[in-house]
Amino acid sequence: MSGFKIETAERLRNLPPYLFAAIDKIKKEAVSRGVDIINLGIGDPDLPTPPNIISRLNKAAEDPRNHQYPTYEGMASFRKAVADWYKRRFSVDLDPETEVLTLIGSKEGIGHIPLGFINPGDIVLVPSPGYPVYSTGTLFAGGRSYWLPLLKENHFLPDLASIPDDIRKASRLIFLNYPNNPTSAVASERFFEDVVEFASRNNIPVCHDAAYSEIYYDNIRPPSFLQADGAKDVGIEFHSLSKTYNMTGWRIGFAVGNREMISALGKVKSNLDSGVFQAIQEAGIEALSTDDAAINENRRRYQRRRDMLISGLNKAGLDVEIPKATFYLWVSVPKGFTSTGFAMHLLDKCGIVATPGNGFGDAGEGYIRFTLTVAEERIGEAVERIRLKL
Ligand SMILES: *Cc1c(COP(=O)(O)O)cnc(C)c1O
């Protein structure tokens, strides 16, 4: 058919440029030359899902009752397990019927929620640097992102008071994420109280992403946004089993908090998808009721890797702050380098892949992100290469 032309929608054409393309190209070339690449770029746990969770899936998969369409909001038993876990972990009370919604991974809910709240042209407050789904979900709903820079001098928390009045008044949603990807910053309960105050004064619903609340160090447990007084009146929290239980491939997460927001997100979901495979929800119940031994072992492992990589980077003259949570190191690049330039240099000299900070937003320029999701032995090798070659 001559003249036929596939034309995509503006929302696809308006996606930001893929900033990692140049690095990907060099990485591929290095691999094809036979270079042994150490990939410290991926935020995906390398360790397996604990065996009790896998057994529970196997058993549940054999039950024909689990082979039909699941309800979009999730099994009552899974939602109850979530509420029980919130009570145990954060002392937060949740009604499993109205304040918990099962998600096909938290990314699904984060990507969909702007469809429930954003009209064309509305503003969404989005952290920069940040997880890219906040702004792409906004874009797909026809909204506009207003960037909240996360700066070192503010401990990588947004300065809510500096948001211009007109922006504040036109804002219909705010995304926040602590413990934070990529900066690894942790927020205090005090900060969350300020957020509740800001949100209620300006009538801006809050979406807090707590995907990393269980990846913490030295037994200092990061708070939930819902622990702040009045948080449930103004917002919801997204959570995931992905990072806590090494379950990224399973696709299960949840949203909890304000019932009107949960109901709106549920309405979007019920029109677009059908919940999570019930056998996976059964496995999720198993995960949330498992004792902490396996997760504690995970945390100790990340901590050893963290300390090892930091000492190597310090010896190479890089200034690294010790993260209190997440499996990321957010490191200033040396003077004279851009984020991308330093990532290329690291790949070229040492065969190490790390993620240039500007890929997470303009305010990430000047930083590079290392992940701790490879074996200690490989981190050791990375440290050795940095010592000899950087
Ligand atoms: C990994 C991650 C998620 C979630 O992942 P799911 O697997 O979709 O639950 C959410 N937010 C941030 C910031 C992440 O890094």
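Residues numbered from 1 in each chain as written. Predicted model: local features only at pLDDT ≥ 70, side-chain atom pairs only at ≥ 80, totals over all residues. Heavy atoms only, no water.

### Re a nonpolar patch on the surface
Together, Leu 12, Leu 15 and Phe 140 line one region of the surface with nonpolar side chains, adding up to about 240 Å² of accessible area. Within the secondary structure layout, Leu 12 lies in helix α1 (residues 10-13). (Patch = residues over 30% accessible without salt bridge, like charges linked within 9 Å, V, L, I, M, F, W, Y side chains within 5 Å. Areas by Shrake-Rupley, 256 points an atom, 1.4 Å probe, with all protein chains shown as cover. Salt bridge = Lys/Arg side-chain N within 4 Å of Asp/Glu carboxyl O. Helix = DSSP H or I, 4+ residues; strand = E, 2+ residues; numbered from the N terminus.)

### Here we look at the packing of aromatic side chains
Remark: the centre distance and the inter-plane angle together describe each pair of aromatic rings, the angle taken between the planes. The final tally for this structure, using the stated rule, is 18 aromatic pairs. The interplanar angle of 70 degrees and the centroid separation of 6.3 Å between the aromatic rings of Trp 330 and Phe 360 together place this pair among those described as edge-to-face. Taken together, the residues Trp 330 in strand β9 (residues 328-332) and Phe 360 in the loop between β11 (355-356) and β12 (367-371) connect sequence positions 30 residues apart. Like Phe 360, Trp 330 is buried. Every member of this aromatic cluster is reached through a ring pair, and the members are Phe 78, Trp 85, Tyr 86, Phe 90 and Phe 254. One Lys or Arg, Arg 306, reaches over the ring of Tyr 217 and ends 4.4 Å from the middle of that ring. (Phe/Tyr/Trp six-rings, centres within 6.5 Å; stacked < 30°, edge-to-face > 60°. Buried < 20%, exposed > 50% of the residue type's maximum accessible area, 1.4 Å probe, protein only. Lys NZ or Arg CZ within 6 Å of the ring centre and 35° of its normal.)

### A closer look at the packing of helix α12 (residues 293-315) against helix α14 (residues 376-389)
At a closest axis distance of 9 Å, the pairing of α12 and α14 adopts a crossing angle of 5 degrees. Relative to α14, the element α12 is oriented roughly parallel. Taking contact as the criterion, the partners of Arg 304, Arg 305, Met 308, Leu 309, Gly 312 and Leu 313 in α12 are, on α14, Glu 376, Ile 379, Gly 380, Val 383 and Ile 386. (Axes fitted to C-alpha atoms, helices over the stretch in contact; angles between N-to-C directions. Parallel < 35°, antiparallel > 145°, perpendicular 65-115°, else oblique. Contact = heavy atoms within 4.5 Å.)

### Looking at the pairing of strand β3 (residues 123-128)
A large share of β3 lies buried, amounting to six of its six residues. As defined by bridge partners, β3 adjoins strand β4 (residues 144-149) across six bridges and the pair is classed as parallel. Residue Val 124 lies in a different strand from β4, and its bridge partner there is Ser 145. Crossover handedness for the path β3 to helix α6 (residues 133-140) to β4: right-handed. (Pairing = 2+ DSSP bridges. Right-handed = clockwise from strand over helix to strand, strands pointing away.)

### Some remarks on helix α2 (residues 21-32)
Under the 1.5 Å per step criterion, the end-to-end length of α2 is 17 Å for twelve residues, consistent within 8% with the ideal 16 Å. After α2 finishes, the residue Gly 34 shows a positive phi value of roughly 90 degrees. (Expected span 1.5 Å × (residues − 1).)

### Quick look at the domain arrangement of the protein chain
If you check the domain split of the protein chain, you get domain 1 (10-48 + 293-389) and domain 2 (51-289). On a C-alpha basis, the centroid separation for the pair domain 1 and domain 2 is 26 Å. Each partner contributes to the interface: domain 1 provides 32 residues, whereas domain 2 provides 29 residues. When the two sides are added together, the surface that domain 1 and domain 2 hide from each other amounts to roughly 2,800 Å², 59% of it contributed by carbon and sulfur. Here domain 1 is connected to domain 2 by three salt bridges. A salt bridge links Arg 299 to Glu 214, with the shortest nitrogen-to-oxygen separation between them at 3.8 Å. Between domain 1 and domain 2 we count 13 residue pairs in polar contact (both at pLDDT 80 or more) in total. For the side of domain 1 that touches domain 2, the elements supplying multiple residues, two or more each, are α1, α12, β9 and β12. For the side of domain 1 that touches domain 2, the leading source of residues is α12, giving six residues. Taken together, the residues that form the side of domain 1 that touches domain 2 break down as 16 nonpolar, seven polar and nine charged. (Domains from an automatic or database assignment. Buried area = accessible area lost by both parts, 1.4 Å probe. Polar contact = N/O pair within 3.5 Å; in protein donor to acceptor, adjacent residues only side chain to side chain. Nonpolar A, V, L, I, M, F, W, Y, C, P; charged D, E, K, R; others polar.)

### Brief notes about the site of the ligand
Taken together, 14 residues sit near the ligand, with Asp 209, Tyr 212, Ser 240, Ser 242 and Lys 243 positioned nearest. Interatomic distance of 2.9 Å between a backbone N/O atom of Lys 107 and an oxygen atom of the ligand. Lys 243 has a polar side-chain atom sitting 3.2 Å from an oxygen atom of the ligand. Protein chains bury 94% of the 390 Å² of accessible surface belonging to the ligand in isolation. For the shell around the ligand, the residue count by class is four nonpolar, six polar and four charged. (Near = heavy atom within 4 Å.)

### A look at the sheet that holds β3
Strand order in the open sheet made by the seven strands is β2-β8-β7-β6-β5-β3-β4, with mixed pairing throughout. Looking at which strands have only one partner, the edges of the open sheet turn out to be β2 (100-103) and β4. Shown here is a sheet whose adjacent strand axes are inclined to one another by a mean of 25 degrees, direction ignored. On top of the sheet, α6 reaches β3, β4, β5 (171-177) and β6 (206-209); it is set at about 160 degrees to β3, its chief contact. Across the sheet, helix α10 (residues 259-272) lies against β2, β6, β7 (235-240) and β8 (253-257), angled at about 35 degrees from β2, the strand it touches most.

### Side note on the sheet that holds β11
As summarised here, the arrangement of the three strands in space is β9-β12-β11, forming an open sheet in which the pairing is antiparallel. Edge positions in the open sheet fall to β9 and β11, since each of these has one partner strand only. Pairing analysis gives five bridges linking β9 to β12, with the strands arranged antiparallel. Note on β12: the bridge partner recorded for Ser 332 is Tyr 367. The sheet strands contacting α12 are β9 and β12, and the helix crosses β9 at an angle near 15 degrees.

### Quick look at the side chain of Asn 358
In this fold, Asn 358 is placed in the loop between β11 and β12. Since its relative accessible area comes to 14%, Asn 358 is described here as buried. For Asn 358, the contacting residues outside a window of four places in its chain are Leu 19, Ser 339, Thr 340, Gly 364 and Glu 365.

### So, the nonpolar core
Within the largest apolar cluster, 59 residues are counted, with the highest numbers of intra-cluster contacts made by Phe 78, Tyr 86, Leu 125, Ile 174, Phe 225, Leu 241 and Tyr 245. Elements that contribute at least two residues to this core include exactly α3 (51-61), α4 (76-90), β3, β5, α8 (189-202), α9 (231-234), β8 and α11 (278-289). The dominant element in this core, judged by the number of residues it contributes, is α4, at seven residues. Not counting residues up to four positions away in its chain, the partners in contact with Phe 78 are Thr 102, Leu 241, Ile 252, Gly 253, Phe 254, Gln 281, Gly 284, Ile 285 and Leu 288. (Core = buried A, V, L, I, M, F, W, Y, C linked by side-chain atoms within 4.5 Å.)

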